[in-house]
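# Chain and residue survey
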Amino acid sequence: MPTQSKPRAYSVKAYATSGAKAPLGATTISRREPTETDVQIDILYCGVCHSDLHFVRNEWGFTQYPAVPGHEVVGRVRAVGAGVKKFKAGDLVGVGCLVDSCRTCPDCRAGLEQFCPEMVMTYGSADKHLGGGTLGGYSQGIVVTEEFVLRIPANLSAAAAAPLLCAGITTYSPLRRWKVGPGQKVGIVGLGGLGHMGLKFAHAFGAHVVLFTTSPGKSADARRLGAHEVVVSKDEAQMAAQAGSFDFILDTVSAPHDMNAYLGLLKRDGNLVLVGAPSEPFAVAAFPLIMRRRSFSGSLIGGLPETQEMLDFCGQHGITSDIELIRMDQVNEAYERMLKSDVKYRFVIDMASLK
Ligand SMILES: [Zn+2]
Ligand SMILES: [Zn+2]
């Protein structure tokens, strides 16, 4: 049998972990030389998502080491394959949570690649080209097939646009799917990386926006980010005053909490949508759902067409993430701070610091 020749590869610097208990540290990884349909990207910035931390610490149980996280990538095109039509050297581009999919299943044909059974995640999936696992954006460069590369509007800050690739689309997609807009009352639960983007989008879509938080101290920030009202969710009187009044609530909290308290705040036919991912199952009472025909559902990032739509919307409306720019060697400390919610509201790594 003829042996298939391995694709040619080149080396880039990266930050990786060697095991679940190991800190992230400097290393060198291989990227494939761009094929005919590939875009070769020099990474400028990479956002730090809570998923990165779950992944490098093997909290989902499928991590292979060495592990390189990072799926909020903004960079500049270095070179493109001969068949690439949408991009050229010098373009400002983004890569989110996905780098490939089957392209033929019903989900892919609907532009909902995030639900493709064969989707290839930016990190932690099988690498069809080089073998091993896919390696993410905590690195100097990445090579991605053209269809999974996104245009970043030139008027946005490249660093502050990075979190749009995960935190942005994760909140934009359900707000669009459930047609949030003027005349509606919309709740955002939690003010972190996801929640602060939820406030910005819900406000931009013209809804009356209410933030639910356990921290009364976040009120002024929430209003600056787009909330019209702030409700302290631990205050029963404040919660009771909101009963039955919401068209839509977006729940961004990953820690265990009581869903029934939020279901009871919905109007008839209202929707509570989960984008956070509490690790333990939670109890949902039947009556809050039955009584007003309410719905409880979930949402996962967004497909490629909608992610581009979101980026273009952000360009038109000047929307980016509120970020704290860090050096690559500060990432371990940033993880500890992220665990304490000590970030306003997303860390972004300046990849020029990876030398
Ligand atoms: Zn993410
Ligand atoms: Zn597919």
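Higher on the page you've got the structure.
What comes next concerns the included structure. Here the residue index of a chain counts from 1 through its sequence in written order. Each chain takes a letter, starting from A, and each ligand takes a number, starting from 1, following the order in which they are written. Where totals are concerned, whole chains, interfaces and linings use all residues; where local detail is concerned, this predicted model gives features only for residues with pLDDT of at least 70, and gives and counts side-chain atom pairs only at 80 or more. With hydrogens and water stripped out, all remaining heavy atoms of the structure feed into the side-chain values.

Attention now goes to the coordination of the zinc ion (ligand 1). In an ideal octahedron of six donors the angles at the metal are 90 or 180 degrees, and in an ideal tetrahedron of four donors they are 109.5 degrees. Distances from the zinc ion (ligand 1) to its protein donors, Cys49 (SG), His71 (NE2) and Cys166 (SG), fall within 2.0 to 2.2 Å. When the donors of the zinc ion (ligand 1) are listed by position in the chain, the intervening gaps give C-x21-H-x94-C. One end of the pair, His71, is in the loop between helix 1 (50-56) and strand 4 (73-80); the other, Cys166, is in the loop between helix 3 (158-161) and helix 4 (167-177), and 95 residues separate them in sequence. Classification of His71 by relative accessible area gives buried; the value is 8%. Owing to a relative accessible area of 7%, Cys166 belongs among the buried residues under this scheme. The donor definition counts N, O and S atoms within 2.8 Å of each metal and applies 3.2 Å to Na, K and Ca; water is not among these atoms, so some sites may look incomplete. Strands here mean DSSP runs of E at least two residues long; helices mean DSSP runs of H or I at least four residues long; both are numbered from the N terminus. Three labels apply to residues, based on accessible area from a 1.4 Å probe with only protein chains included: buried if under 20% of the type maximum, exposed if over 50%, partly exposed otherwise in between.

A helix's residues, less one, multiplied by 1.5 Å, set its expected span. Given a rise of 1.5 Å per residue, 14 residues ought to cover 20 Å, and the 20 Å separating the end C-alpha atoms of helix 10 (residues 304-317) matches this to within 8%. Restricting attention to buried positions, one finds in helix 10 the residues Leu304, Glu306, Thr307, Gln308, Met310, Leu311, Phe313, Cys314 and Gly315. Buried residues belonging to helix 10 abut strand 6 (98-100), strand 9 (150-151), helix 4 and helix 5 (193-204). Two residues or fewer after helix 10 comes Gly318, characterised by a positive phi angle close to 65°. Here, residues are in contact when the closest pair of their heavy atoms is within 4.5 Å.

A separate point is the coordination of the zinc ion (ligand 2). Protein-derived ligands of the zinc ion (ligand 2) are Cys102 (SG), Cys105 (SG), Cys108 (SG) and Cys116 (SG), with the metal-ligand distances lying across 2.3 to 2.4 Å. Around the zinc ion (ligand 2), the 4 donor atoms are arranged such that angles at the metal cover 103 to 116°; this shape is classified as tetrahedral. Every donor residue of the zinc ion (ligand 2) comes from the same chain, spaced as C-x2-C-x2-C-x7-C. The burial state of Cys108 is the same as that of Cys116; both residues are buried. Each label reflects the angles at the metal, where four donors whose angles all fall between 85 and 135 degrees are tetrahedral, four or six donors whose opposite pairs open beyond 155 degrees and whose other angles stay between 65 and 115 are square planar or octahedral respectively, and the rest are irregular.

Attention now moves to the nonpolar core. The set of buried Ala, Val, Leu, Ile, Met, Phe, Trp, Tyr and Cys residues whose side-chain atoms join them within 4.5 Å is what this entry labels a nonpolar core. Core analysis: the biggest nonpolar cluster contains 94 residues, and Tyr138, Leu175, Leu199, Phe201, Val331 and Tyr335 have the highest contact counts within it. Looking at which element gives the most residues to this core, the answer is strand 3 (residues 38-48), with 6 residues. Leaving out residues up to four positions away in the same chain, Phe201 has contacts with Gly168, Thr171, Tyr172, Leu175, Met310, Phe313, Cys314 and Ile319. Among the nonpolar cores identified, the runner-up in size contains 14 residues, and Val210, Phe246, Ile249 and Leu274 belong to it.

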